[in-house]
Every structure is written in C-alpha cells, then in structure tokens.
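Coordinate analysis (summary)
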Amino acid sequence: MSSNAAQKNRQKQAIGEGPITRAILIALALAFLGVMLIAPLLVVFIEAFGRGVGVFFDSLTSPHTMSALQLTLLVAAIAVPANLVFGVAAAWAIAKFDFRGKAFLLTLIDLPFAVSPVVSGLVFVLLFGANSALGPWLDANNIKILFAVPGIVLATIFITFPFIARELIPLMQQQGSSEEEAAVSLGAGGWRTFFLVTLPNVKWGLLYGVLLCNARAMGEFGAVSVVSGHIRGQTNTLPLHIEILYHDNKAAAAFAVASLLALLALVTLAVKSILEARFAGSLAAQRRH
Amino acid sequence: MSTPAITAQPDGKPPRAKWRRRSVLPGFGLSLGYTIAYLSLIVLLPLAGLAISAASLGWNEFWAIAFDPRVSAALQLSFGAAMLAAVVNTVFGVLIAWVLVRYRFPGRRWLDAAVDLPFALPTAVAGIALATLYAPNGPFGAVLENVFGVKVGFSALGVVFALMFVGLPFVVRTVQPVLEEIDRETEEVSATLGAGRFRTVTRVILPAMFPAILTGFALSFARGVGEYGSVIFIANNLPFESEIAPLLIVIKLDEHNYAGATAIATIMLVIAFVMLFVINVLQAWSRKWFGHE
C-alpha cells in the first residue's frame, strides 16, 4: 500500500512541482508583485494622509485642484464617447463583414499603442503650432487649439483611440453574426438589430472597454503635457497638476491629488475583476493594451 | 468568423464587389466609412504631418540631430533601459503567470487583479510614488543604498525600475492565457516517458510558450521605449546620464527647436513601427504553430 502511495506521489511530482518548489515560486511572485506594484500604491495613500486629514482635504478643495478636476472630467466626457462611437463602428465593420485589408486596418487601429505619449502630443504641436501650415490661419481666425482645451482633447482621443475598438472586435468576432442575420431576415432594421441583438451580447465587454478608456483618458500625462502649455486654472489636468505640486515641493498635496486618480484606478480594476469573474464568457479572452 | 450568407445577388448577377464577401447585414458602408474617416483624421493625418516635417528636414540636418551626442545618449538610455526592464519583466512575468495559472493559494484572485495596476494607474501617480520609494532617503532607496550600495532613485537605474513597473502586465497578460490552454496531457506523456520535471518544463512547456513570451517581451519593451510620465520623476534627468529620449523631445519643444524634436520623434516612431510589425508577425506565428493567440 505504502509503495503504491509513494508511486502516486512520484507521479504527481512528475506533472507538478513539489511543495517546497511551489512555496518558493509563490513566495517569489508575491515578493516581486509586492515590491513592484503594491508598495507604490500604498505609498500614494500613506503620503496623501501623511500630513493629516486636514492637509489632504485642503489640497483637494483648492481652486487649482478643482479646476484641474473639472478639466479632466470635461476631457474624458468628450474623448470617451468619441472613441466609443468609433469603437462600435469599427467593431461592426470588422467583426460582422469579410473584406480585404482587414488585418491592415487592425494594425492601423493599433498604431497609437505603439507611439510614445510624447510623440502623440508632438504630432499635434506640429499640426497646429505657430510654425505649422495651419498655424497662421488659426491665429488669424482666433482659433486656439494648442495650449487650450481642444488640443488636450485631441491628444487624449489619440492616446485612447484603440481601447474600446480593441476590446469589442475580438468579442464580436467570437460571437459571429448568425443572431444578427436572423434578426434581419425576420425584418428588423439595422439600428434595431444593433440595439436589440448585438448590444445586449457585448454590453459587458463594452463597459470594460469604456472603463479602460476612461482611466487612461483621465490619467494621460505625456501627450497632454506636450500640448497643454501648463496654464494653471486653465489647461491643467489632474496629472499635470500633480507634477506641478510635486515640483513645488508640495509632496503631500501632490499625493492627495494622486490618491484621487489611484482610487479611480482601483475602482477600474475592481469592476474589471467583478466583470471577469461573473461574465467570463462575454469578455474577450485575448486582450492587448 | 462571420458567415457570409449570400454570394450572388438575388437577380442572379454575379457578386459585384470582389474585395468583400456579401452579407445580409446592413451598415457596412456606414461603419467602415466612419471607421476609416475617423482613423484618418485622428491618427493618420497627424502622423503624416510628422512624416512631412521630418522629410522637410533633409538628410544632412536629420543625421546631424540623430547623431548629436546628447541625442544618441538619450536614445541609447531609452532603448537600453527598456531592454533591461523587459528582460527582468519577462523572467518575473512568466513566473507570475505560472504561479497564477498553476497554483491555488489564498489571495490568488487579488494578486491576479493587482497585475493590471500599471495599466490603470496614471503614469504621473506611479512616477511620484516610485520616486518617493526609491529616493536616497525613501524606504526602498535607503536600504538599497546602505545595504547594497546601489543608487536607484535619481539615476539611470531608476529609469529601469520605472519601466519595469509599466511593462510588467504586458508579459503576464500575454503569457497567462497561453499557459492556461496548454494541454496537461503532453506533460503527463513527457513524465511517463521518464523525463524529470525540470526537463519537462524546459523541453515541453517553455517551447510551447515561447511565441507568447517573446510577444510579451516585445510589448513590454515597446512600452518602455516610449514611456515618459513615470520616468521623469524617478530619474534626475541629467543629460548623458539619466535623460530619456521622450524627455529630450519635450526639452527641444520647450526650446522651440521643432526640427530637433521632429527628428528624435521620427527615429522613435520608425523603431516603434518596426516593433509593432514584429509583434504582429510573432502573433501570427504563434497562431499558426500553436493554434492559440
């Protein structure tokens, strides 16, 4: 009996690791994640409250923080719906139809992921700056794009461009189009088919894409930094405001504002985890950011 | 995967457009038209603007900027640090993916969720947090400097640490689904045939994961090369020492040196596109050889 058990144990080890190896590997993974990811997150909240709750709330309610918050919300409120409409249109065209050049189109949609945030900002400076072809005309007509809200919105849309499309396309491809074809053959119009058949099938994936897009839109730093001009109270978003406070040696205030964005990140991750646990099937398996 | 329903038009005429298969679903023209128009306006037109600006520089000016010692040093740091960070992330990313997929332990779900933190946390927030941790008087920085004599904060090594933070989830999230799909039976076969565990892992499992690992490495590297927000806080941004290429673009812009900024951006962009191409080829390769994505 005991030799049989020993043999079973040996077999088990042959397709898995022994308990000691296991413990070491888990400990290593925990240690790395703890040091690399958890510690920075904890530091944000510890430093935010380090000078007391009073400083924390004063930093959050200061006029510059409030105006930065408003601008961040405004930018996200424009950028996310714009990319939502695009994401749905792109997913409908790519997932429901077969046409040539689809792979190429997908690569083009991925482009903003490959571009450095600073370069993403730079392209708009080159397009609308004083030295550009459009520059003098914009100036003559008193249209401000650069160092103003439109530039920040454009850079944010560019940066978050692929998020929702990338989430929806694999999901809608996976689901095929037989349900939509059935709806159309029963006489439903295109919009009706989309809202009553397609949308309910992809709503969780869509929500997840919107969340990711929103988190990035509110947190974008590099691209917005290049196009904003850092005018306090006017073109400062929350991440830019953090930088200014930090360099002004107001670390506690910087971390107080940072804790707002960290909280947004935590909410995003929490909703993502819940969605994945509950609707594993209706979220795309393959994912790239 | 969509199933084209009709290949000939109802009146018996042969299909008109050959570049796409016909479908009963409406909205192809509208959705594709909108997609291409929006893509062109938001992404392609601005990038084309950069290409035109770069082309108007001329070769001599372009190369003079590209081989300027300060620019070369910044590019070398960006690529070198991204490479180093991607290597570390590949080792630990595979380890973390392995632990998350193969083992069950308390808190595993939390750990799994935490991996995505760098995707969700704004880079400026990560930047000031890392700078505080690794500063010479910070909790990690003090230990590293006093015990190991290594200076991480406000040095080139700080760049590597910031890039490790932003790049880690790319490796884990690329390797994880592939590892989940690997057939345990092949491992059993390998074990039955007398291979030890180490041999099974290195000869059977790792080769099957190789395209995914390489893709994760490439994604982590590509992200690191362009990263700006998290780096500028933890590095002290000294020219020739800890000044990354994206920062140099910002500096050139502040100096109204548009030619300089354009040239550096073009070099980074070309390399980024090559990376994107390589990643796409890797994924196609992975699909073809191993049947998974």
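In this text the structure is predicted, and so the values were computed from the model without any measurement.

Quick look at the overall build of chain B
- The helix and strand inventory of chain B stands at 13 helices and zero strands.
- Reading the secondary structure of chain B in the N-to-C direction produces α-α-α-α-α-α-α-α-α-α-α-α-α.
- For a compact globule of 293 residues, the expected C-alpha radius of gyration is about 19 Å, and chain B comes in at 24 Å, more than 25% above that figure.
- Counting only C-alpha atoms and orienting by the principal axes, one finds that chain B spans roughly 80 × 65 × 30 Å.
- For chain B, with 293 residues in total, the buried portion stands at 55%.
- Residue pairs in contact within chain B that sit at least 24 positions apart in sequence constitute 70% of those at least 6 positions apart.

So, the packing of aromatic side chains
- Evaluated as defined, the whole model comprises 26 aromatic pairs over all chains.
- A centroid spacing of 5.0 Å and a plane angle of 85 degrees characterise the contact between Phe119(B) and Phe170(B), whose relative ring orientation is edge-to-face. With a gap of 51 residues between them, Phe119(B) in helix H5 (residues 117-120) and Phe170(B) in helix H8 (residues 156-181) connect regions that are remote in the sequence. Across the pair, Phe170(B) and Phe119(B) agree in class, each one buried.
- These aromatic residues form a ring-pair network of at least three members: Phe86(A), Phe161(A), Tyr34(B) and Tyr38(B).
- The positively charged end of Arg102(B) is found above the aromatic ring belonging to Trp98(B), 4.8 Å away from the centroid.

Digging into H8(B)
All names here are of chain B.
- Here H8 spans 39 Å end to end across 26 residues, near enough to the 38 Å set by a 1.5 Å rise per residue.
- The largest bend in H8 is about 40 degrees, located at Gly167, with the proline Pro169 one to four residues further on.
- Among the 26 residues that make up H8, 21 are buried, leaving the element largely enclosed by the rest of the structure.
- One side-chain oxygen of the residue at the start of H8 lies 3.2 Å from the amide nitrogen of Leu157, identifying that residue as Ser155.

Things to note about the pattern of salt bridges
Residue and element names in this part refer to chain B.
- On inspection of all chains with the given rule, the structure shows 13 salt bridges over all chains.
- Ionic pairing is found between Asp116 and Arg173, a salt bridge with its closest N-O pair at 3.1 Å. Of this pair, Asp116 sits in the loop between helix H4 (108-114) and H5 while Arg173 sits in helix H8, and the two are 57 residues apart along the sequence.
- For Asp116, a relative accessible area of 3% gives the class buried.

Brief notes about the domain arrangement of chain B
Residues and elements named next belong to chain B.
- With domains assigned, chain B is organised as domain 1 (25-56) and domain 2 (59-289).
- Using C-alpha coordinates to define each centre, domain 1 is positioned 29 Å away from domain 2.
- In this complex, domain 1 contributes four residues to the contact, which on the side of domain 2 involves five residues.
- The largest contributions to the domain 1 side of the interface with domain 2 come from Leu47, Leu50 and Ala54, which together make up 87% of the buried area.

A few points about the nonpolar core
- Ranked by size, the top nonpolar core spans 191 residues in total, and within it Ile109(A), Ile96(B), Leu121(B), Met209(B) and Ile249(B) carry the most contacts.
- Here the element with the most residues in this core is helix H3 (residues 69-102) of chain B; it accounts for 17 residues.
- Residues within four places of Met209(B) in sequence aside, it is in contact with Val94(B), Val175(B), Val178(B), Leu179(B) and Ile182(B).

A short note on the confidence of the model for chain B
Residues and elements named next belong to chain B.
- For chain B, per-residue confidence averages 87 on the pLDDT scale, and 92% of positions sit at 70 or higher.
- Under a pLDDT of 50 for its full length, residues 1-9 has, in the predicted model, 21 contacts with residues more than four places off or in other chains.
- The ipTM assigned to the predicted complex is 0.88, against a pTM of 0.88.

Points about the interface of chain B and chain A
- Between chain B and chain A, the contact holds 96 residues from the first and 94 residues from the second.
- Taken together, the links from chain B to chain A amount to one salt bridge.
- With its nearest N and O atoms 2.5 Å apart, the salt bridge here joins Lys272(A) to Asp116(B).
- Put simply, chain B and chain A have six residue pairs in polar contact (both at pLDDT 80 or more) between them.
- Among the elements that line the side of chain B that touches chain A, the one with the most residues is helix H1 (residues 28-55) of chain B, at 16 residues.

Describing the packing of helix H6 (residues 117-128) of chain A against H1(B)
- Taken N-terminus to C-terminus, the directions of H6(A) and H1(B) make an angle of 75 degrees; their axes are 9 Å apart at the nearest point. Here H6(A) is positioned roughly perpendicular relative to H1(B), judged by the angle of their axes. Across from Val119(A), Leu122(A), Val123(A), Phe124(A), Leu126(A) and Leu127(A) in H6(A), the residues of H1(B) making contact are Ile42(B), Pro46(B), Leu47(B), Leu50(B) and Ser53(B).
- Looking at the contact of H6(A) with H1(B), its residues break down into 10 nonpolar, one polar and no charged.

Comments concerning the domain arrangement of chain A
Residues and elements named next belong to chain A.
- When the domains of chain A are assigned, the result is domain 1 (14-50) and domain 2 (52-282).
- When each unit is reduced to the centre of its C-alpha atoms, the spacing between domain 1 and domain 2 is 30 Å.
- Between domain 1 and domain 2, the residue contacts involve eight residues of the former and 11 residues of the latter.
- Taking both partners together, domain 1 and domain 2 bury about 800 Å²; carbon and sulfur atoms supply 80% of that area.
- Considering only the surface of domain 1 that becomes buried against domain 2, Phe45, Ala48 and Phe49 emerge as the three largest contributors, covering 54% of it.
- Counting every contact that joins domain 1 to domain 2 gives two residue pairs in polar contact (both at pLDDT 80 or more).
- Partitioning the side of domain 1 that touches domain 2 into residue classes produces six nonpolar, one polar and one charged.

As for helix H6 (residues 123-134) of chain B
- Between its terminal C-alpha atoms H6(B) stretches 16 Å, which fits the 16 Å expected from 12 residues at 1.5 Å a residue.
- With 12 of 12 residues buried, H6(B) is to be regarded as a mostly interior element.

Some remarks on unusual backbone geometry
Residues and elements named next belong to chain B.
- One non-glycine residue, Phe240, lies in positive phi territory at about 70 degrees.
- Locating Phe240 in the fold gives a position in the loop between helix H11 (229-234) and helix H12 (245-254).
- Judged by relative accessible area, which is 57%, Phe240 ranks as exposed.
- A positive phi angle is found at His256, which is not glycine, with a value near 60 degrees.
- Among the secondary structure elements, His256 is positioned in the loop between H12 and helix H13 (258-290).

Observations regarding the packing of helix H2 (residues 19-48) of chain A against helix H14 (residues 251-278) of chain A
Residue and element names in this part refer to chain A.
- Where H2 contacts H14, the two axes come as close as 8 Å, and the packing angle between them is 135 degrees. Regarding the angle of H2 to H14, the classification is oblique. Viewed along their axes, H2 and H14 form a crossing whose handedness is left-handed. In this structure, H2 contributes Leu41, Val43, Val44, Phe45, Glu47 and Ala48 to the contact, and H14 contributes Ala252, Phe255, Ala256, Ala258, Ser259, Ala262, Leu263 and Leu266.
- Counted by class, the contact of H2 with H14 contains 12 nonpolar, one polar and one charged residues.

What counts and how
Residues numbered from 1 in each chain as written. Chains lettered and ligands numbered in written order. Predicted model: local features only at pLDDT ≥ 70, side-chain atom pairs only at ≥ 80, totals over all residues. Heavy atoms only, no water. Helix = DSSP H or I, 4+ residues; strand = E, 2+ residues; numbered from the N terminus. Rg over C-alpha atoms; globule rule 2.2 N^0.38 Å. Buried < 20%, exposed > 50% of the residue type's maximum accessible area, 1.4 Å probe, protein only. Contact = heavy atoms within 4.5 Å. Phe/Tyr/Trp six-rings, centres within 6.5 Å; stacked < 30°, edge-to-face > 60°. Lys NZ or Arg CZ within 6 Å of the ring centre and 35° of its normal. Expected span 1.5 Å × (residues − 1). Bend = angle between axes of the 7 residues up to and from the residue. Polar contact = N/O pair within 3.5 Å; in protein donor to acceptor, adjacent residues only side chain to side chain. Salt bridge = Lys/Arg side-chain N within 4 Å of Asp/Glu carboxyl O. Domains from an automatic or database assignment. Buried area = accessible area lost by both parts, 1.4 Å probe. Core = buried A, V, L, I, M, F, W, Y, C linked by side-chain atoms within 4.5 Å. pLDDT = per-residue confidence, 0-100. Axes fitted to C-alpha atoms, helices over the stretch in contact; angles between N-to-C directions. Parallel < 35°, antiparallel > 145°, perpendicular 65-115°, else oblique. Nonpolar A, V, L, I, M, F, W, Y, C, P; charged D, E, K, R; others polar. Left-handed = near helix turned anticlockwise from the far one by under 90°.

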